[in-house]
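Structural description and commentary
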Amino acid sequence: GEVTWLPIEVNEHPGRKLGSIVWDGALLLCDVLDASMASMAQARLRRSKPADPDFDAASLPPLVAIEVGAGTGLAGLAAAALGARVLLTDKADECTDLMQSNVARNREVIEAHTNGRGAAEVMELSWGNDGDAAQANEWAAREKGSEYGCGFDLIIGADVIYHEELVAPFIATLLQLSQSNPSIFIAYHERYVCWVATPFRTCA
């Protein structure tokens, strides 16, 4: 899989795990990130230094993001290539080894494309596991620094809901990761409106 507007490429393992291939939602999410992340950074600049016209935006730390149910990690790597510090997450028995290999494959490209601002790391995170969510939030706090809050600026996920029993733990984890009112982009191929749409409307 690849993103045509950036030199990001990921390995896939078709037939092994659901998350080991690039789904259409991930490609769509990459385009959404490309269109949105610059305006997100500008909005944070206005909130941080609204009265200082000489403030250098480059001195702001990068956006801190997390991809949940990352699979191959394509969307998170695209966010990193757009200058974010990104935590790629999935449950332990899914695709963490595949994500690690894709991070290594794209590390130099991301560093060069962002002048060292963008980066990606991998962590296990099972939805509904309070300890996993707490570790992710601790990572965000370390990356961000106290001056600009302590939580994620952005949460992303692509085609991560495919069974009804995943909805409740997924929503619970989103809430745990939303300490600092992040932007949340979830790309979803509509399959089962009856049990997905209602929880998302309730969350919103």
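The notes below deal with the structure included here. Remember, predicted model here, so these are calculated numbers, not experimental data. (Residues numbered from 1 in each chain as written. Predicted model: local features only at pLDDT ≥ 70, side-chain atom pairs only at ≥ 80, totals over all residues. Heavy atoms only, no water.)

1. Section: the pairing of strand 6 (residues 154-158)
With 5 of 5 residues buried, strand 6 lies mostly within the body of the structure. With burial as the criterion, each face of strand 6 is covered, one bearing Leu154, Ile156 and Ala158 and the other bearing Ile155 and Gly157. Of the strand pairs in this sheet, strand 3 (residues 64-67) and strand 6 are connected by 3 bridges, and their pairing is parallel. By the bridge assignment for strand 6, Ala65 is matched with Leu154. In the sheet, strand 6 pairs with strand 7 (residues 183-187) via 5 bridges, with the strands oriented parallel. Looking at strand 7, one finds that Ile156 is bridged to Phe185. Following the chain from strand 6 across helix 5 (residues 167-176) to the adjacent parallel strand 7, one finds a crossover that is right-handed. (Buried < 20%, exposed > 50% of the residue type's maximum accessible area, 1.4 Å probe, protein only. Helix = DSSP H or I, 4+ residues; strand = E, 2+ residues; numbered from the N terminus. Pairing = 2+ DSSP bridges. Right-handed = clockwise from strand over helix to strand, strands pointing away.)

2. Here's the deal with the packing of helix 2 (residues 74-81) against helix 3 (residues 96-113)
The relative placement of two packed helices comes down to the angle between their axes together with the axis-to-axis distance. Look at helix 2 against helix 3: their axes get within 9 Å of each other, and the N-to-C directions meet at 20°. By the angle between their axes, helix 2 is roughly parallel relative to helix 3. Of the two possible hands of crossing, helix 2 and helix 3 adopt the one that is right-handed. Judged by residue contacts, Leu77, Ala80 and Ala81 of helix 2 engage Asn102, Val103, Asn106, Ile110 and His113 from helix 3. Partitioning the contact of helix 2 with helix 3 into residue classes produces 5 nonpolar, 3 polar and no charged. (Axes fitted to C-alpha atoms, helices over the stretch in contact; angles between N-to-C directions. Parallel < 35°, antiparallel > 145°, perpendicular 65-115°, else oblique. Left-handed = near helix turned anticlockwise from the far one by under 90°. Contact = heavy atoms within 4.5 Å. Nonpolar A, V, L, I, M, F, W, Y, C, P; charged D, E, K, R; others polar.)

3. A closer look at unusual backbone geometry
Residue Asn115 is not a glycine yet carries a positive backbone phi of 55°. Residue placement: Asn115 occurs in the loop between helix 3 and strand 5 (119-124). The phi torsion at Asp159 lies on the positive side, around 50°, for a residue other than glycine. Positionally, Asp159 belongs in the loop between strand 6 and helix 5. A relative accessible area of 11% places Asp159 in the buried class.

4. Quick word on the nonpolar core
Counting 32 residues, the largest nonpolar core has Met37, Leu77 and Leu88 as its most contacted members. When residues of this core are traced back to their parent elements, those giving at least two are helix 1 (24-48), helix 2, strand 4 (85-90), helix 3, strand 5 and strand 6. Sequence-distant contacts of Leu88, that is, excluding residues within four places in its chain, are made with Glu67, Ala70, Gly73, Gly76, Leu77, Met99, Val103, Ala120, Glu121, Val122 and Met123. Membership of the second largest hydrophobic core comes to 21 residues, among which are Val64, Ala133, Ala136 and Leu177. (Core = buried A, V, L, I, M, F, W, Y, C linked by side-chain atoms within 4.5 Å.)

5. Focus: the side chain of Thr89
Looking at where Thr89 falls in the secondary structure, it is placed in strand 4. Of the polar contacts made by the side chain of Thr89, one reaches the backbone oxygen of Glu67; its length is 2.7 Å. (Polar contact = N/O pair within 3.5 Å; in protein donor to acceptor, adjacent residues only side chain to side chain.)

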